[in-house]
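Topology and contacts: notes
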Amino acid sequence: MAISGDGETQTFGRSSEPSPPSSDLRRRRRTSSPAPATADYSSTTSFPAFEASTVDSGEESGVETSSDADEYHRVTGGEDGEENVRPAMSTGKKDVDGGRRSEGLGVGGTVPPQFLYRASSPAHVKVKESPLSSDAIFRQSHAGLFNLCIVVLIAVNGRLIIENLMKYGLLIRAGFWFSSKSLRDWPLLMCCLTLPLFSLGAFLIEKLAWHKFITEPLAISLHVTCTTTAISYPVYVILRCDSAVLSGFTLMFFACIVWLKLVSFAHTNYDMRTIVKSSDKEDASFNFSGHDFEKGVSFKQLVDFMVAPTLCYQQNYPRTMCIRKGWVIRQLVKLVICTGLMGFIIEQYINPIVKNSEHPLKGNLLSAIERVLKLSVPTLYVWLCMFYCFFHLWLNILAELLCFGDREFYKDWWNAKTVEEYWRMWNMPVHKWMIRHIYLPCVRNGLPKGVAVFISFFVSAVFHELCGSVPCHIFKFWAFIGIMFQIPLVILTNYLQNKFKSTMVGNMIFWFFFCILGQPMCVLLYYHDVMNRKVNT
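Residues numbered from 1 in each chain as written. Predicted model: local features only at pLDDT ≥ 70, side-chain atom pairs only at ≥ 80, totals over all residues. Heavy atoms only, no water.

Broken down by element type, the chain carries 19 helices and six strands. Taking all contacts inside the chain whose residues are at least 6 apart in sequence as the whole, residues at least 24 apart take part in 70%. Surface summary for the chain: the accessible area is close to 31,100 Å², and the carbon and sulfur share equals 64%. (Helix = DSSP H or I, 4+ residues; strand = E, 2+ residues; numbered from the N terminus. Contact = heavy atoms within 4.5 Å. Areas by Shrake-Rupley, 256 points an atom, 1.4 Å probe, with all protein chains shown as cover.)

Encoded structure:
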């Protein structure tokens, strides 16, 4: 197919005779029986290569391109209604930048059937952008590049593991999981086994309060005493016993969970009694359809709440219909593998790095920066494995065994645009507890939202400090300072997000301060303080 200077389509039939001029071609088309060698343009077929590019990168990137209807004008000729196909030259349309991209782009879209797969078929028919151009890069799928990053990450880390094993050998000790010193931690084990007794005390207090045997102020005082003892008793046992850091951390972690559950149990029942006493019962039942206000509290509900993967008490939870035993077994296998991986990284990488380091606030600055950066990668891996093991595997296993339906234990915190979004998405059980029992009560009592946020971070900082300092038998307040430092980071990332309107700026700041700088610094600070305490004693 060729295009003449006046834009008419010239056809090449089987005959070797030269093509007639356009006026003669129109005259022949008007006859009742067209010549056998004349091409029939009435039924055209789309060229497959052109059909596949109907929605191409040029159109997606905002570049205006002529459509098939613009590129081919169908001109009706003669009395028999036959169509004559005439290509239209593009008129030089403007792109998204306002500049004139091209003029006279030629034919596109539709090709007569006898010219399919011919050397004269047009290969360039539309304005298109390169996939990595600035206009089209974010509209393309980058799944292949993501797979490449995963493969490279596995290859690089595999090489580092082999190099480390060849240089240092296997550094995992047999006593990492169990040693003779673990047998001396029986006071911690006994304390852990007796902590559920405090929930029984809270249940008795609520029974007396619901039956009006004690007044509300007395019930509140008894609950305060019960919850304070539940958190003070483990602290006393850990500080009195020279236990391992891991055993002390496990006990404090469990004690904090019990304390949070007891507070939620007492606060929720107090609020329910307040609603029952109020005159607006109908509206309250509408807002709190998950509670039976007249039923009060039952021991079965308390036991169900204490073992459920949640920190917020309510009488009824969404339930699943059955237990998937095969799924539970698969998750348990993943849990064992990930836990072993964490132990390997700690023993093979983190311990040698911290042993060959100095105190980050007392030694050479460049040496401290080098140790922090070298420690950032293994601590990040351990933290990600810990998150996956606890928040995804363990909590889902527990929820499956208990038929607990609400399994939103975390959200996509890795996409957090600001530090505030991260704290709202990465630990949903604690976030819901903070909103329900700290933030909203402060706001309802007239406190500004900024003050309510400060109080929430303060409570979180206190419990982070308890879980870090008590097992280490030191009180340097590193964890407390680290959590309170999140408040200015929240303000900074919110400001940058509003200023640049970019999701990447706040996300990179979060990853840098939290994973690259914050966690390695905490590991080094607590390790050297623990070593100094042992040397002094």
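Topologically, aspartate 412 is positioned in the loop between α13 (365-401) and α14 (419-425). By relative accessible area, aspartate 412 is classed as partly exposed at 36%. For the pair aspartate 412 and tryptophan 426, spaced 14 residues apart in sequence, the C-alpha to C-alpha distance is 7.3 Å. (Buried < 20%, exposed > 50% of the residue type's maximum accessible area, 1.4 Å probe, protein only.)

Turning our eyes to something else, we now look at the packing of aromatic side chains. Under the criterion given, the structure shown has 35 aromatic pairs. Here phenylalanine 253 and phenylalanine 390 contribute two aromatic rings whose centre-to-centre distance is 5.6 Å and whose plane-to-plane angle is 75°, an arrangement assigned as edge-to-face. Taken together, the residues span a long stretch of sequence, with phenylalanine 253 in helix α9 (residues 245-277) and phenylalanine 390 in helix α13 at a distance of 137 residues. Among the residues examined, phenylalanine 253 registers a relative accessible area of 34% and is labelled partly exposed. Taken together, a centroid distance of 6.4 Å and an interplanar angle of 50° make the contact between tyrosine 410 and tryptophan 414 tilted. Directly above the aromatic system of phenylalanine 305 lies the positively charged group of lysine 261, at a separation of 4.5 Å from the ring centroid. Its guanidinium or amino end placed over the ring of tryptophan 327, arginine 324 lies 4.6 Å from that ring's centre, counting from NZ or CZ. (Phe/Tyr/Trp six-rings, centres within 6.5 Å; stacked < 30°, edge-to-face > 60°. Lys NZ or Arg CZ within 6 Å of the ring centre and 35° of its normal.)

Here we take up the nonpolar core. Formed by 66 residues in total, the largest nonpolar core has its most connected members in Tyr422 and Trp433. Residues Trp327, Leu335, Met342 and Val354 belong to the second largest nonpolar core, which totals 19 residues. (Core = buried A, V, L, I, M, F, W, Y, C linked by side-chain atoms within 4.5 Å.)

Moving on, we get to the packing of α9 against helix α16 (residues 449-472). Orientation of α9 relative to α16, taken along the N-to-C sense of each, is 150°, at an axis distance of 8 Å. The orientation of α9 relative to α16 falls into the category roughly antiparallel. Handedness of the crossing formed by α9 with α16: right-handed. Contacts between α9 and α16 pair Val245, Gly248, Phe249, Met252, Phe253, Cys256 and Trp259 from the former with Phe463, Leu466, Cys467, Val470, Pro471 and Cys472 from the latter. A per-class count over the contact of α9 with α16 returns twelve nonpolar, one polar and no charged. (Axes fitted to C-alpha atoms, helices over the stretch in contact; angles between N-to-C directions. Parallel < 35°, antiparallel > 145°, perpendicular 65-115°, else oblique. Left-handed = near helix turned anticlockwise from the far one by under 90°. Nonpolar A, V, L, I, M, F, W, Y, C, P; charged D, E, K, R; others polar.)

What follows is about the confidence of the model for the chain. Residue-level pLDDT values for the chain average 75, and 72% of them are 70 or greater. No element of the chain has a lower mean pLDDT than strand β4 (residues 72-77), at 39, and none a higher one than helix α15 (residues 428-444), at 93. Counting contacts from residues 1-108, a segment whose pLDDT is below 50, to residues more than four positions away or on other chains yields 161 contacts. (pLDDT = per-residue confidence, 0-100.)

Between helix α8 (residues 216-240) and α9, whose axes approach to 9 Å, the crossing angle comes to 175°. Between α8 and α9, the crossing angle belongs to the class labelled roughly antiparallel. Residues Glu216, Ile220, His223, Cys226, Thr227, Thr228, Ala230, Ile231, Pro234, Val235 and Ile238 of α8 touch α9, and the partners they reach there are Gly248, Leu251, Met252, Ala255, Cys256, Trp259, Leu262, Val263, Ala266, Tyr270, Arg273 and Lys277. Taken together, the residues that form the contact of α8 with α9 break down as 16 nonpolar, four polar and three charged.

For helix α5 (residues 143-168), with 26 residues, the first-to-last C-alpha span of 37 Å sits near the 38 Å given by 1.5 Å per residue. Positioned one or two residues after α5, glycine 169 has a phi angle of 80°, which is positive. (Expected span 1.5 Å × (residues − 1).)

Before going further, it helps to spend a moment on a nonpolar patch on the surface. On the surface, a cluster of nonpolar side chains totalling about 400 Å² of accessible area is made up of Leu145, Leu148, Val152, Val156 and Leu160. Here valine 156 shows up in helix α5. Judged by its relative accessible area of 38%, valine 156 is partly exposed. (Patch = residues over 30% accessible without salt bridge, like charges linked within 9 Å, V, L, I, M, F, W, Y side chains within 5 Å. Salt bridge = Lys/Arg side-chain N within 4 Å of Asp/Glu carboxyl O.)

Here the focus is the pattern of salt bridges. Here the structure, examined in full by the defined rule, presents eight salt bridges. Its salt-bridge partner being arginine 273, residue glutamate 206 comes within 2.3 Å of it at the nearest N-O pair. Of this pair, glutamate 206 sits in helix α7 (residues 196-210) while arginine 273 is found in helix α9, placing the two residues 67 residues apart along the sequence. According to the relative accessible area criterion, glutamate 206 is buried, its value standing at 0%. Given a relative accessible area of 5%, arginine 273 falls into the buried group.

Okay, the environment of phenylalanine 344 next. Position of phenylalanine 344 relative to the elements: it lies in helix α12 (residues 325-355). With a relative accessible area of 17%, phenylalanine 344 lands in the buried category. Residues phenylalanine 344 and leucine 171, spaced 173 residues apart in sequence, show a C-alpha to C-alpha distance of 8.6 Å.

Glancing now at helix α6 (residues 186-194). Listed as buried for α6 are Pro187, Leu188 and Cys191. An end-on view of α6 places all buried positions within 100° of arc, on one side of the element. Away from the buried face of α6 by more than 90 degrees, exposed residues Trp186, Leu189 and Leu193 are located. On its buried face, α6 is in contact with α8 and α9. (Arc of directions from axis to C-beta.)

We note that lysine 212 has phi near 60°; this positive angle belongs to a residue other than glycine. Topologically, lysine 212 is positioned in the loop between α7 and α8. Positive phi is not limited to glycine here, since cysteine 403 has a value of about 55°. Take cysteine 403: it is sitting in the loop between α13 and α14.

What follows deals with the environment of glutamate 216. Topologically, glutamate 216 is positioned in helix α8. Separated by 54 residues in sequence, glutamate 216 and tyrosine 270 have C-alpha atoms that sit 8.2 Å apart.

What follows is about the side chain of threonine 227. Inspection of the secondary structure puts threonine 227 in helix α8. Using a relative accessible area of 9% as the deciding quantity, one classes threonine 227 as buried. In this structure the side chain of threonine 227 is engaged in a polar contact, spanning 3.1 Å, whose partner is the backbone oxygen of valine 224. Not counting residues up to four positions away in its chain, the partners in contact with threonine 227 are Trp259, Leu262 and Val263. (Polar contact = N/O pair within 3.5 Å; in protein donor to acceptor, adjacent residues only side chain to side chain.)

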